[in-house]
Amino acid sequence: MDFSLSEEHIMIRDAAREFAQTELLPGVIERDEKQHFPKELIQKMGDMGFLGMMAPTEFGGGGMDSISYVLVMEELSKVDASASVIVSVNNSLVNYGLAAYANQAQKEKYLSKLTTGEKLGAFCLSEPEAGSDATSQKTTAIDKGDHYILNGTKNWITNGSSADYYLVIAQTDKEKKHRGINAFIVEKGWEGFEIGPKEQKLGIRGSDTHSLIFNDVKVPKENRIGEDGFGFKFAMKTLSGGRIGIAAQALGIAAGAFELAKNYSKVRKAFGTEICNHQAIAFKLADMDVEIEAARHLVMKAAWDKDQGNNYDISSSRAKLYASKVAMAVTVEAVQVHGGNGFVKEYHVERLMRDAKITQIYEGTSEIQKIVISRGLLDK
Ligand code: CAA
Ligand code: FAD
């Protein structure tokens, strides 16, 4: 067993670390306050190759492995989880979904633009009445021969207003339940496609989250992904990989908060000494470190499983379940280590604590991860 990173892995990790410090850190508090992520910064992430990491090189992607991807996700998330969710959705939901299941023409038309940052993607599964219970899709796509007519509402869509291409899951045949669901590529600007107002959020406030409304949107048949009825499996298979990205995001949030807490504890004095010399604080740091390292092993194992071609349904859910719990616990402790300063924006840990919470909710709540893991263990 070899735990060492290759030279390429170290290079891409260091590039992401540098990018996070120079490009993401300077405006992170303002982006959180204003709930805005500038387009130019998305393009910069594209220029760095962060938006097409694992996609095949023939479609403009980096052709990298999942280990590289989680290293980048961790580094970006240490500083700005709003930036990293853009990277995560575009790479592991949209690009992967297209690279793995779209046909050649769809890949040429859509994937090749999504890998470079020229266009941005969104993944649209959730609805007001179909969140965890994702088979209960109410959005319909009615087959009209050479096209479908799409009607319904999606909610909570990341990159909701900034995306150009949307992978939309919809019910095409109610009788067939989850086997009557399909996935479609929908373009921004198509008649009848409306973007709802931006959600006002607790965390990842830089990331734009919107409802999407479809009123008789005409979707050409060639924009359906895969065979008729493949949409629910498409969503589930794609989400298995997506959960590795979110697990890495959670890991990064925890690691970022830990680094801030450790550094602070070495300079802040109380009772005549740096607070790290009080065992209560030193032991907190030790506990945080162990939890983060355990989470990192699960994240790396899930990424490794994917790279090896192993089944990664359980390992990705395990990683997400655990790393998100660690992100929550570690960020709360990081605020505690900072005392009153932990409660104000300029010290960053309060934002990381707010950002951590979403990792227990999106791409399947912690309860859903336990369903996936337990069903997998019990062969259900
Ligand atoms: N791979 C392939 N097929 C799968 C699968 C997988 N990992 N998981 C399930 N399926 C298939 C099953 O085999 C079954 O098909 P067949 O009957 O043909 O065999 C079908 O899907 C239905 O499966 P279940 O009976 O297990 O379905 P269920 O209703 O019990 O739900 C669930 C399963 C795991 C709870 C699922 O609904 C789920 O994952 N819910 C959470 C939804 C979610 O994660 N949403 C995230 C939205 S995207 C997002 O959040 C992005 C972001 O924030 C940034
Ligand atoms: P519900 O399903 O209503 O769950 C409520 C509670 O009940 C949760 O605690 C849940 O775990 C629990 N619960 C539900 N069913 C069970 C069960 N069977 N057993 C035990 N407990 C259960 N979705 C997208 O499609 N695309 C996106 O880009 C996207 N981005 C998002 C960004 C943000 C900021 C947010 C908040 C959400 C986003 N989502 C996105 C939606 C997200 O995936 C859902 O919120 C999530 O899957 C939970 O669904 P729900 O909100 O409807 O909660």
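The name given to the protein chain in an unreviewed UniProt entry is Cyclohex-1-ene-1-carbonyl-CoA dehydrogenase, and the organism recorded there is Leeuwenhoekiella marinoflava. Of the protein chain, the UniProt comment under Sequence similarities (unreviewed entry) reads exactly: "Belongs to the acyl-CoA dehydrogenase family." Word for word, the UniProt comment on the protein chain under Cofactor (unreviewed entry) is "FAD".

A. Representation of the pairing of strand E5 (residues 181–187) in the model. Extensive coverage of E5 is indicated by the burial of seven of its seven residues. Sheet topology places strand E4 (residues 165–171) next to E5; seven bridges connect them, and they run antiparallel. Within E5, the residue paired with Tyr-165 across the bridge is Glu-187. Bridge analysis of E5 against strand E8 (residues 224–225) gives two bridges, and the strand direction is antiparallel. Considered in E8, the bridge of Ala-183 is made with Ile-225.

B. Local environment of the domain arrangement of the protein chain. Taken domain by domain, the protein chain comprises domain 1 (7–120), domain 2 (122–231) and domain 3 (233–378). Across the contact, 13 residues belong to domain 2 and 13 residues belong to domain 3. Carbon and sulfur atoms make up 77% of the area that domain 2 and domain 3 hide from each other, which totals about 1100 Å². Of all residues in domain 2, Leu-202, Ile-204 and Phe-230 bury the most surface against domain 3, accounting for 43% of the area lost on that side. Taken together, the connections running from domain 2 to domain 3 amount to zero salt bridges. The interface formed by domain 2 and domain 3 holds six residue pairs in polar contact (both at pLDDT 80 or more) in total.

C. Inspection of the pattern of salt bridges at higher detail. One pass over the full model with this rule turns up 19 salt bridges. A salt bridge links Arg-31 to Asp-80; the shortest N-O distance between them is 2.7 Å. Note that Arg-31 is positioned in helix H2 (residues 28–34) and Asp-80 in the loop between helix H4 (66–79) and helix H5 (81–101), a separation of 49 residues in sequence. Summarising the burial analysis for this pair, Arg-31 and Asp-80 share the class buried.

D. Quick look at helix H1 (residues 7–24). Its 18 residues give H1 an end-to-end C-alpha distance of 24 Å, which sits within 8% of 26 Å, the value for a rise of 1.5 Å per residue. Those residues of H1 lying buried are His-9, Ile-12, Arg-13, Ala-16, Phe-19, Ala-20 and Leu-24. Projected down its long axis, H1 shows its buried positions confined to an angular sector of 125°, all on one face. Exposed residues pointing more than 90 degrees away from the buried face of H1 are listed as Glu-7, Met-11 and Glu-18. Tucked inside the fold, the buried residues of H1 contact H2, helix H3 (39–47), H4 and H5.

E. Highlighting the environment of Ala-250. As for its position among the elements, Ala-250 is in helix H7 (residues 231–267). Taking relative accessible area as the criterion, Ala-250 reaches 0% and is therefore assigned buried. Linking Ala-250 and Lys-380, residues 130 residues apart in sequence, is a C-alpha distance of 28 Å.

F. How the structure looks around the packing of H1 against H4. Running from N to C, H1 and H4 point in directions that differ by 20°, and their axes come no closer than 9 Å. With respect to H4, the axis of H1 lies roughly parallel. Every pair of crossing elements has a handedness; the one defined by H1 and H4 is right-handed. Facing His-9, Ile-12, Arg-13, Ala-16, Arg-17, Phe-19, Ala-20, Gln-21 and Leu-24 of H1, the residues of H4 in contact are Ile-67, Ser-68, Leu-71, Val-72, Glu-75, Leu-76, Lys-78 and Val-79.

G. Representation of the pairing of strand E7 (residues 209–220) in the model. In this sheet, E7 lies alongside strand E3 (residues 147–158) in antiparallel orientation, the contact comprising nine bridges. Across the sheet, residue His-147 finds its bridge partner in E7, namely Pro-220. Inspection of the sheet shows strand E6 (residues 193–198) paired to E7 by four bridges, in the antiparallel sense. From the neighbouring strand, Ile-195 faces E7, where its bridge partner is Leu-212.

H. Fine view of the site of ligand 1. Surveying the vicinity of ligand 1 reveals 27 residues, the closest of which are Ser-132, His-178, Arg-243, Glu-363 and Arg-375. Contact between ligand 1 and His-178: an oxygen atom at 2.8 Å from a side-chain N or O atom of the residue. Within the side chain of Arg-375, an N or O atom sits 2.7 Å from an oxygen atom of ligand 1. Surface burial for ligand 1 is 75%, taken as the share of its 1100 Å² of free accessible area covered by protein chains. Mapping ligand 1 onto the cavity grids shows that it belongs to the largest pocket. When contributions to the shell around ligand 1 are tallied by element, the ones reaching two or more residues are H5, H7 and helix H11 (366–377).

I. How the structure looks around the nonpolar core. Of all hydrophobic cores here, the largest spans 107 residues; its most connected members are Leu-98 and Val-186. Setting aside residues no more than four positions away along its own chain, Leu-98 makes contact with Lys-107, Tyr-110, Leu-111, Leu-114, Leu-167, Ile-185 and Ile-225.

J. The arrangement of the UniProt feature "domain: Acyl-CoA dehydrogenase/oxidase N-terminal" (unreviewed entry) in the protein chain in detail. Under the local residue numbering, the UniProt record ascribes the feature "domain: Acyl-CoA dehydrogenase/oxidase N-terminal" (unreviewed entry) to residues 6–118. A helix fraction of 71% and a strand fraction of 0% characterise residues 6–118, whose end C-alpha atoms lie 30 Å from each other.

About the criteria used
Along each chain, numbering runs from 1 in the same order as the chain's sequence is written. Going through the entries in the order they are written, you letter the chains from A and number the ligands from 1. Restriction of local features to residues with pLDDT of at least 70 applies here, the model being predicted, together with a cutoff of 80 or more for giving and counting side-chain atom pairs; totals for whole chains, interfaces and linings are based on all residues. With hydrogens and water stripped out, all remaining heavy atoms of the structure feed into the side-chain values. UniProt positions are given in the numbering used here, feature names are shortened, and annotations may be inferred rather than shown by experiment. The buried label goes to any residue with under 20% of its type's maximum accessible area, the exposed label to any with over 50%, and the partly exposed label to all in between, with areas taken from a 1.4 Å probe on protein chains only. Here a helix means four or more residues in a row that DSSP labels H or I, a strand means two or more in a row labelled E, and each is numbered from the N terminus. Two strands are counted as paired when DSSP detects at least two bridges linking them. Marked domain ranges trace back to an automatic or database domain assignment. We call two residues in contact when some of their heavy atoms are within 4.5 Å. A simple way to read buried area is as the amount of 1.4 Å-probe accessible surface that goes missing from two parts once joined, with both sides added. Each reported salt bridge corresponds to a side-chain nitrogen of Lys or Arg within 4 Å of a carboxyl oxygen of Asp or Glu. By the criterion applied in these results, polar contacts are pairs of N or O atoms within 3.5 Å in which, for protein atoms, one can donate a hydrogen and the other can accept it, and in which residues neighboring in sequence qualify only through two side-chain atoms. The span one expects for a helix is its residue count, reduced by one, times 1.5 Å. This arc corresponds to the set of directions leading from the helix axis out to the C-beta atoms. Axis angles are defined between N-to-C directions and span 0 to 180 degrees, where every axis is a line fitted to C-alpha atoms and, for a helix, only to the segment in contact. We call two directions roughly parallel when the angle between them is under 35 degrees, roughly antiparallel when it is over 145, roughly perpendicular when it lies between 65 and 115, and oblique otherwise. Definitions for this section: a left-handed crossing has its near helix turned counterclockwise from the far helix by less than a right angle. A right-handed crossing has that turn clockwise. The near set for a molecule or strand comprises every residue that places at least one heavy atom within 4 Å of it. Here, Shrake-Rupley sampling with a 1.4 Å probe gives the accessible areas, and only protein chains in the shown set may cover a residue. The method works on a 1 Å grid over the protein atoms by themselves. A cavity is a set of points holding a 1.4 Å probe that cannot get out, a pocket is an open set with protein on both sides within 12 Å along at least five of seven lines, and residues with an atom within 4 Å of a point line them. Each molecule is checked against the cavity or pocket grid, and it sits inside if more than half of its atoms lie within 2 Å of the grid points. Residues belong to one nonpolar core when they are buried, are Ala, Val, Leu, Ile, Met, Phe, Trp, Tyr or Cys, and are joined through side-chain atoms within 4.5 Å.

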